[in-house]
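Reading the structure
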Amino acid sequence: MAGEFSLSQYKSKLRQLQQKQRQVINNYNRAVDNYNRNMKKAINNYNSAVRKHNATVRHNRQIIANELRKLNSTSAAMQSGYSTSSRIMYQHYENVGRVYYEGIPVSPEQERILDLIEQEQANSLTTENIIEGDNSSEALPEDIEIGDKLAVVSEDLNDRWKGAVFALNPNNPDATRHFCTSTREIFTEFLEIKAPDDKVFEYNPQCQKTERGNATRREKIGFMMRNTNMDDSVVSFVEADIKNILELNHLLSGGTHGPAGKYTFEKLLQVKKRVEQGILFLCEISQSA
């Protein structure tokens, strides 16, 4: 026969149940608090990222507007191949804007590429003003580093870039030629590595070819960006961007006298930034290739 359940035992059991209930409630409240804190942190981080992104876009667009005003106010008519390529590049930039105007839904990857295009255009106009417009910069260009991004594509290309940067110093009278030669090779071979002819032909048997039977630069860029699902206007911009950098090298190759050529070291630093950012641009947009 079971023993009697005394009042004290009942009260003790009740206290135990109440304690467990409080523990459950406390644990629930703590979980809710943690969830709310994490959500608030995530929202704050997202809002911070959005603000930073918007500030960067506004900054690049402001640079583009300012640099255009400088170019338009320049009295001398600039008719070099480099200045012409810059105008063509800007036209393609505007074409991208007509396709991907504000409010058009895009994926995060496409948004990233559009941001990079803004940055490329801003840097291109700044470089043109400094090189051909006789507009000096208020400060030295911000130094950027390729890091291991080019090395991921090719250790050889990364070594060539290091050599080009090493040669770019005010005491080297051959700095400009060395830098331009290496730059041309890097951009040409980058496309060969990321978009070899056989892969391009397999992807698009009807692709356009050069007189030598190779896939054109435009076809290689299109292949390289095939997984981004970007409009053809973006491919055109990338092609114009590469042409602009190569035309800049052609312009600089004419400077063969004086320390580091006819251009000041400050101008060459801006050239370094233009080229380096262009290489990073290709690395970023070809990640999925």
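Residues numbered from 1 in each chain as written. Predicted model: local features only at pLDDT ≥ 70, side-chain atom pairs only at ≥ 80, totals over all residues. Heavy atoms only, no water.

Comments concerning helix α9 (residues 232–252)
What counts, and what does not: Secondary structure elements follow DSSP: runs of H or I of four or more residues count as helices, runs of E of two or more count as strands, with numbering from the N terminus. The span expected for a helix works out to 1.5 Å for each residue beyond the first. Pairs of N or O atoms are called polar contacts if they sit within 3.5 Å, as long as, within protein, a hydrogen donor faces a hydrogen acceptor (for residues adjacent in sequence, only side-chain-to-side-chain pairs).
Look at α9: 31 Å from first C-alpha to last across 21 residues, which is about the 30 Å you get at 1.5 Å a residue. Measuring from the backbone nitrogen of serine 233 back to the side-chain oxygen at the start of α9 gives 2.8 Å, which picks out aspartate 231 as the cap.

Notes on the nonpolar core
Using the following cut-off: Among the buried residues, those of types Ala, Val, Leu, Ile, Met, Phe, Trp, Tyr and Cys that are joined through side-chain atoms within 4.5 Å form a nonpolar core. Between buried and exposed lies partly exposed: a residue is buried under 20% and exposed over 50% of the maximum accessible area for its type, with that area taken using a 1.4 Å probe on protein chains only. For this analysis, residues touch if any pair of their heavy atoms sits within 4.5 Å.
Formed by 55 residues in total, the largest nonpolar core has its most connected members in Ile117, Val234, Val238, Ile279 and Ile285. Per element, the largest residue contribution to this core is 11 residues, and it comes from α9. Those residues in contact with valine 238, other than ones at most four positions away along the chain, are Ile221, Met225, Phe281, Leu282 and Ile285. Judged by nonpolar contacts, the second largest core, of 5 residues, contains Ala195, Val200, Cys207 and Phe223.

Examining the packing of aromatic side chains
Think of a pair of aromatic rings as described by two things: how far the centres are apart, and how the planes are tilted against each other in angle. Stated formally: We call Phe, Tyr and Trp rings a pair once their centres come within 6.5 Å, taking the six-membered ring for Trp, and we label the pair stacked below 30 degrees between planes, edge-to-face above 60, and tilted otherwise. We call a charge positioned above a ring when the Lys NZ or Arg CZ atom is no farther than 6 Å from the ring centre and deviates by at most 35 degrees from the ring normal.
Summed over all chains, the structure comprises 4 aromatic pairs. Here the basic side chain of lysine 209 rests over the ring of phenylalanine 201, its NZ or CZ set 4.6 Å away from the ring centre. Over the aromatic face of phenylalanine 223 sits the side chain of arginine 226, whose NZ or CZ is 3.9 Å from the ring centroid.

Digging into the pattern of salt bridges
Stated formally: Definition used for salt bridges: Asp or Glu carboxyl oxygen within 4 Å of a side-chain nitrogen of Lys or Arg.
In this structure the tally under the stated criterion is 17 salt bridges. The partner of lysine 70 in a salt bridge is glutamate 67, and the shortest N-O contact between them spans 3.5 Å. Residue lysine 70 and its partner glutamate 67 are located together in helix α1 (residues 7–73), separated by 3 residues, close to a single helical turn. The class for lysine 70 is partly exposed, based on a relative accessible area of 36%. For arginine 274, the salt bridge goes to glutamate 120, with nearest N and O atoms at 3.1 Å. Taken together, the positions of arginine 274 in helix α10 (residues 265–285) and glutamate 120 in helix α3 (residues 108–132) put the pair 154 residues apart, joining distant regions of the chain. Residue class for arginine 274 comes out buried when judged on its relative accessible area of 0%. Connected through shared salt-bridge partners, Glu109, Arg112, Lys149 and Glu284 make up one network.

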